[in-house]
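Residues per chain, in single letters:
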There are 2 protein chains.
Amino acid sequence: MRKSIATVSVSGTLAEKLTAISAAGFDGVEIFENDLLVSPLSPEEVRARARDLGLGIDLYQPFRDFEAVPGDVLAGNLRRAERKFEVMERLGATLLLVCSSVSPDAIDDDELAAEQLRLLAERAAGHGIRIAYEALAWGRHVNEYLHAWRIVRMADHPNLGTCLDSFHILSRGSDPIGIEAIPGEKVFFLQLADAPLLAMDVLQWSRHYRCFPGQGTFDLAGLVTHVLETGYTGPLSLEVFNDGFRQADAGRTSLDAMRSLIALEEAAARRRGTTPPIPPPVIPSGFAFAELSVPAADPTAELLAALGFVRTGTHTGKPVELWEQGQARILLNATGDEPALAALGLESPDPAGSVKRAESLLSPVLPRHRAPREARLDAIAAPDGTELFFCRTEHPDHSSWTDDFRPRPEGAPPAGGITHIDHVALTQPRHHFDEAALFYRGVLGLRPQESLEVPDPYGLLRSKAMSSEDGALRMVLNINQVGAQHIPWQHIALACDDIVTTARRLRAAHPGLLLPVPANYYDDLAARYDVPPELRELGLLYDRDEHGEFLHLYTITAGRVFFEIVQRAGGYQGYGAANAPVRLAAQHAWGAQRSSRMAVTPSA
Amino acid sequence: MRKSIATVSVSGTLAEKLTAISAAGFDGVEIFENDLLVSPLSPEEVRARARDLGLGIDLYQPFRDFEAVPGDVLAGNLRRAERKFEVMERLGATLLLVCSSVSPDAIDDDELAAEQLRLLAERAAGHGIRIAYEALAWGRHVNEYLHAWRIVRMADHPNLGTCLDSFHILSRGSDPIGIEAIPGEKVFFLQLADAPLLAMDVLQWSRHYRCFPGQGTFDLAGLVTHVLETGYTGPLSLEVFNDGFRQADAGRTSLDAMRSLIALEEAAARRRGTTPPIPPPVIPSGFAFAELSVPAADPTAELLAALGFVRTGTHTGKPVELWEQGQARILLNATGDEPALAALGLESPDPAGSVKRAESLLSPVLPRHRAPREARLDAIAAPDGTELFFCRTEHPDHSSWTDDFRPRPEGAPPAGGITHIDHVALTQPRHHFDEAALFYRGVLGLRPQESLEVPDPYGLLRSKAMSSEDGALRMVLNINQVGAQHIPWQHIALACDDIVTTARRLRAAHPGLLLPVPANYYDDLAARYDVPPELRELGLLYDRDEHGEFLHLYTITAGRVFFEIVQRAGGYQGYGAANAPVRLAAQHAWGAQRSSRMAVTPSA
């Protein structure tokens, strides 16, 4: 299907917007009037620029407060419209969006509205222009899409149709099934925006918090399915007002926008039983490994050893070591500056299929320079720059990344408390939280869970967990909701069968590796739950949900990275978010203490 | 009155919060439980720290979901309370806040609630603790303050009273006059927060958008007046959840908080006809001058000359020139790096009184190193660092700052189009918009107008005008609402009697000084209004409101500063905000063009 986007959805000057939108592969644009008004480009120049970039001008918008007014106001409104028709002719635009009036001049009279819209359509016809009438969710008298359609039908003019906008329909809780009552040829345009579920004034919600399909909570695939049922053949067009997108990189936002439309088209095709435009997601079945880039002489190896990991191999061609414990595998790649999570290996039933899926959703596929003996690794870049490798670890049907590692004499994977990687938490760049959520949902087929807010001593964080349906792959995305002074921490949570024993061993042998938990936390825990006193003694944190219980502990931080050890019991589904404020405060305290210690011993 | 603040209202660790709160002069704190839980300080250490800082611990909060539950839940809740009583004894806190329950366990039964709260108060009494029961605005069954009071009265225990919270009362639109039905000795605590008027879910509104009294739209002076009528003698205590304050400097936020309480105490005293704690505001009657710091060889003088200003004097002791036109006076102080607005002279009927007022509201008073012949200038620092001088220009009753300037031969103030400074616009630092609004309101007695949002090509700006009642002093405060990539522009708007003639003269003689306005703007203007074609020809912008009309133009920018020339007609009250997006886009375009021109002619 043809894909368009309103210029208001991305940042920059009109010229910058058009360039970014074209580069992302869109077919057309809606020219948002304010973007034209403030532009030094004439309408003719915009027309030429769009043509050169391969973009059609699919809509000019918005024209406000036109219909159902007293006769004297009507004359002025028609004169205003004539001026806009002239601009549209210069632009080469042939479709004008008219929003339902919010003016105190407007009269609650459908027949009058229809009569005046008919007059407008007749005038528009003289310029080869058509009118798409839309119900704003906060329109004064007309705010339901079926009401707008009733007026359009009453007006009965070939140059008058309706514009459907998912935000205006779904934000009011209207049932979109009524769309099927509208003949496809009278749906002149379809505008799409998603939004998070916010209980707020709909105008504020609309102007600041819209997002791309798949980033919010609306059922856009359902709405599009109804629209396609009418026989609509126009574009899927995004119109998103978002405070973050207004200042983010326009090229990146445009790609994110296009990704959202491709995924939406796929979802609608599945609903309708037609052939999806892209191959299906290949859902990973777990983590094959996590790769940390570390400096040459780094204590992370010591930390891993203390956690019970054993160095089981070294890469045949690179300064990379493999550390294992149970099914948990960590690679230490000694080419970094400070410890950071550089890559994740994901177990995929079909690595090539995983990459094809990612590519079809515009994710950058990473070139792999293979040494003759190295296993082929299919890899893509996640939105925060983390490399994702799709692996089949030691399956007979596929080469394994472990083939590149020479086993070391001490090599057998050890028995130990840790069984596998439970989840990985990544901090996303500012303004790209929604993009990341869409990426993990679309490319990896993960399911988003509720967004949470977590207070840090110096600001609020936002956190969203995403997991595969069976829970085998769990990711947590964090972002600094306010401020930018936080370290973009990343962490690897290691699952464990017996965290009490593991904690006891660690505390005895390496007490300095564990993040201290304040005693006040345990006083509060004892007030809330009947928990054994050994939690306090061992520095274990505790949470529960309706399914089960969760015990966890954190290590100190090395560079940007720390480890968590977790034990889930009885089907607990969360991530201990209730304890995150304790962890954040302890990390700040530990960092401050270390800085002051380093300040007094500058030789260290 | 005693002044307190909840630790959640400012940023940092608990230790950092206490230090900042004490430094701002507070008498006490509410310990917000989460701040204690995540702190490495034991309750005993917090108690000692607060004592050493001269802070009382006036409240421990919150205790949630206690009342009106089935018997088995009650037993657990009482055990939980006993644990909290122990913590409070270690802290030395004797008042516990209990919020009305939001739990699904809670039963809608006032008698049961009263009975269980009575039991809790009885247990608390054993520890020397009192209970303040508060209606949360989103409480499950109890969400009105008079409902909470009815339950407290029914329970009838000396250790049980109510806590009044301005946010919970006013956010629901409840009439606070009912407070006078409560005996003062049963009002155990008073929590204060203001908030902007937002149509959103009250829980979200409360958790993110509260602000200090005077920064929002609630009538807090009215509420406090009712509370004082009851005979209440406890503290005025701030409890503010604000995303910005969470990450702003704790010391600065604490001062802002204290300033808000002093101003609130004053306002309440005026309502009650008692003696206010601070001297009254001295409202400036206009601008005496604006002082720009400029580099030694700077084209700003040329720009002023082009605008019709004449250099009428030089400072006797500093590299400062005085430029005049009508009553508009600009000082160029050649000690800067790039042109920036460094100071404003405000005409005050009583300069010493102006400073006393500022000092009583905790504004920094600037030391003035006077040369023997220099006039005394009373000056303070505004929140963005701009220096504000209080002046009496050429009044017989006071020395005048102009005495320091030696008139130059060409010296008489010229006749010209410009009559005076209409307004000055300053860009405020991020997170300090509310602080600035409170400063201008409290210290200078200006009245805030509505906040506006202005789209810039690269983000949204927020803008609020403040003016004296007679409009003689007008300020505009701007802030980058999202992102931080904007230049912190400042501008001086010069009033003019005949802008058409002025514009014609400027365009003929100095066309390069005027910011270009896109032709598309005039196409739209012609569609909306019947305006003369000379506006387009002269590059004038146009706006109107219900009172009158506004014509204006902008110069190009020098450093951080640009000038606007404005003509108000028929009592227009605005600032041409509708045209600000055009101006912002033109400034970006002009800046980009100049950069590219400079890039191709590196010798320039």
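Residues numbered from 1 in each chain as written. Chains lettered and ligands numbered in written order. Predicted model: local features only at pLDDT ≥ 70, side-chain atom pairs only at ≥ 80, totals over all residues. Heavy atoms only, no water.

A. A look at the domain arrangement of chain A. Residue and element names in this part refer to chain A. Examined at the domain level, chain A breaks down into domain 1 (3–272) and domain 2 (286–591). Put simply, the middle of domain 1 and the middle of domain 2, counted by C-alpha atoms, are 43 Å apart. With 17 residues of domain 1 at the contact, the number on the domain 2 side is 15 residues. Between domain 1 and domain 2 the total buried area reaches about 1500 Å² when both faces are included, carbon and sulfur atoms providing 55% of it. Looking only at domain 1, the three residues that lose the most surface to domain 2 are Gln215, Arg252 and Arg259, adding up to 44% of its buried area. Connecting domain 1 to domain 2 are 2 salt bridges. Note that glutamate 435 is salt-bridged to arginine 252, the shortest N-O span being 3.0 Å. Connecting domain 1 to domain 2 are 7 residue pairs in polar contact (both at pLDDT 80 or more). Partitioning the side of domain 1 that touches domain 2 into residue classes produces 7 nonpolar, 6 polar and 4 charged. (Domains from an automatic or database assignment. Contact = heavy atoms within 4.5 Å. Buried area = accessible area lost by both parts, 1.4 Å probe. Salt bridge = Lys/Arg side-chain N within 4 Å of Asp/Glu carboxyl O. Polar contact = N/O pair within 3.5 Å; in protein donor to acceptor, adjacent residues only side chain to side chain. Nonpolar A, V, L, I, M, F, W, Y, C, P; charged D, E, K, R; others polar.)

B. Highlighting the pairing of strand S22 (residues 541–544) of chain B. Sheet topology places S22 of chain B next to strand S23 (residues 549–554) of chain B; 4 bridges connect them, and they run antiparallel. Bridge assignment links tyrosine 542 of chain B to a residue of S23 of chain B, and that residue is leucine 551 of chain B. (Pairing = 2+ DSSP bridges. Helix = DSSP H or I, 4+ residues; strand = E, 2+ residues; numbered from the N terminus.)

C. The sheet that holds strand S8 (residues 236–238) of chain A, seen in detail. Residues and elements named next belong to chain A. Ordered in space as S1-S2-S3-S4-S5-S6-S7-S8, the 8 strands form a closed barrel in which the pairing is parallel. Strand after strand, the sheet turns through a mean of 30 degrees between neighbouring axes, direction not considered. Where strand S1 (residues 3–6) meets S8, 3 bridges bridge the pair, whose relative direction is parallel. Note that in S8 the partner of serine 4 across the bridge is serine 237. On the sheet, helix H5 (residues 110–125) packs against strand S4 (95–99), strand S5 (130–134) and strand S6 (160–165) and is oriented at approximately 150 degrees with respect to S5. (Axes fitted to C-alpha atoms, helices over the stretch in contact; angles between N-to-C directions.)

D. A look at the relation of the copies chain B and chain A. For the match of chain B to chain A, the screw axis carries a shift of 0.0 Å, the RMSD comes to 0.0 Å, and the turn is 180 degrees. The symmetry that links the two subunits is that of a two-fold axis. Comparing interface residues between copies, 100% of those in chain B also lie at the interface in chain A; the contact surface is shared. (Least-squares fit on C-alpha atoms with pLDDT ≥ 70 in both.)

E. The arrangement of the sheet that holds strand S20 (residues 474–480) of chain B in detail. Residues and elements named next belong to chain B. What the 8 strands build is an open sheet, ordered S18-S19-S20-S17-S21-S24-S23-S22; its pairing is mixed. Both outer strands of the open sheet, strand S18 (447–456) and S22, are each paired with one neighbouring strand and no more. Along the sheet, successive strands turn relative to each other by an average axial angle of 25 degrees, direction set aside. Summarising the sheet, strand S17 (residues 418–427) and strand S21 (residues 490–496) pair through 6 bridges and their orientation is antiparallel. Across the sheet, alanine 425 pairs through a bridge with histidine 491, a residue of S21. Contacts from helix H13 (residues 433–442) reach S17, S18, strand S19 (459–467) and S20 within the one sheet, and its direction differs from that of S19 by about 10 degrees. Where helix H14 (residues 499–509) meets the sheet, it contacts S21, S23 and strand S24 (561–569), and its direction lies at approximately 145 degrees from that of S24.

F. Molecular detail of the interface of chain B and chain A. The interface of chain B with chain A comprises 52 residues on the first partner and 52 residues on the second. Of the roughly 4100 Å² buried where chain B meets chain A, counting both sides, 53% is carbon and sulfur surface. Three residues stand out in chain B for area buried against chain A, namely Leu37, Gln247 and Asn520 of chain B, and they jointly supply 14% of the buried area on that side. The salt bridge involving lysine 84 of chain B is made with aspartate 524 of chain A; its shortest N-O contact spans 2.5 Å. In this structure, the connection of chain B to chain A is made through 21 residue pairs in polar contact (both at pLDDT 80 or more). Within the residue set of the side of chain B that touches chain A, elements represented by two or more residues are helix H2 (33–37), helix H4 (71–91), helix H8 (202–208), S18, S19, helix H15 (519–528) and helix H17 (580–600) of chain B. By residue number, the principal contributor to the side of chain B that touches chain A is H15 of chain B, which donates 7 residues.

G. A look at the UniProt feature "binding site: a divalent metal cation" (unreviewed entry) in chain A. Residues and elements named next belong to chain A. Residues annotated by UniProt as "binding site: a divalent metal cation" (unreviewed entry) correspond here to Glu134, Asp165, Gln191 and Glu239. Spanning 106 residues, the named residues nonetheless gather at one spot, since no C-alpha pair among them exceeds 13.4 Å. Of note, glutamate 134 is situated in strand S5. Exposure remark for glutamate 134: the relative accessible area of 2% places this residue in the buried category. Apart from residues no more than four positions distant in its own chain, glutamate 134 is found in contact with Leu97, Val98, Cys99, Ser100, Ala148, Cys163, Asp165, His168 and Gln191. Note that glutamate 239 resides in the loop between S8 and helix H10 (250–272). The class for glutamate 239 is buried, based on a relative accessible area of 5%. Apart from the residues lying within four places of it in its own chain, the contact partners of glutamate 239 are Ala6, Val8, Ser9, Glu30, Gln61, Asp165, Gln191, Leu192, Ala193 and Arg210. (UniProt positions renumbered as here; feature names shortened; annotations may be inferred. Buried < 20%, exposed > 50% of the residue type's maximum accessible area, 1.4 Å probe, protein only.)

H. How the structure looks around the UniProt feature "binding site: Mg(2+)" (unreviewed entry) in chain A. Residue and element names in this part refer to chain A. According to UniProt, the feature "binding site: Mg(2+)" (unreviewed entry) maps to His423, His491 and Glu564 in the numbering used here. Across 142 residues in sequence, these annotated residues keep their C-alpha atoms within 9.3 Å of one another, forming a single compact spot. One can find histidine 423 in strand S17 (residues 418–427). For histidine 423, a relative accessible area of 1% translates into the label buried. Setting aside residues no more than four positions away along its own chain, histidine 423 makes contact with Phe287, Arg474, Val476, His491, Ile492, Ala493, Glu564, Val566, Arg568 and Tyr575. Side-chain polar atoms of histidine 423 contact the side chain of aspartate 422, separated by 2.6 Å. Tracing the sequence through the fold places glutamate 564 in strand S24 (residues 561–569). For glutamate 564, the contacting residues outside a window of four places in its chain are His423, His491, Ile492, Ala493, Leu494, Phe550, His552, Leu553 and Tyr554.

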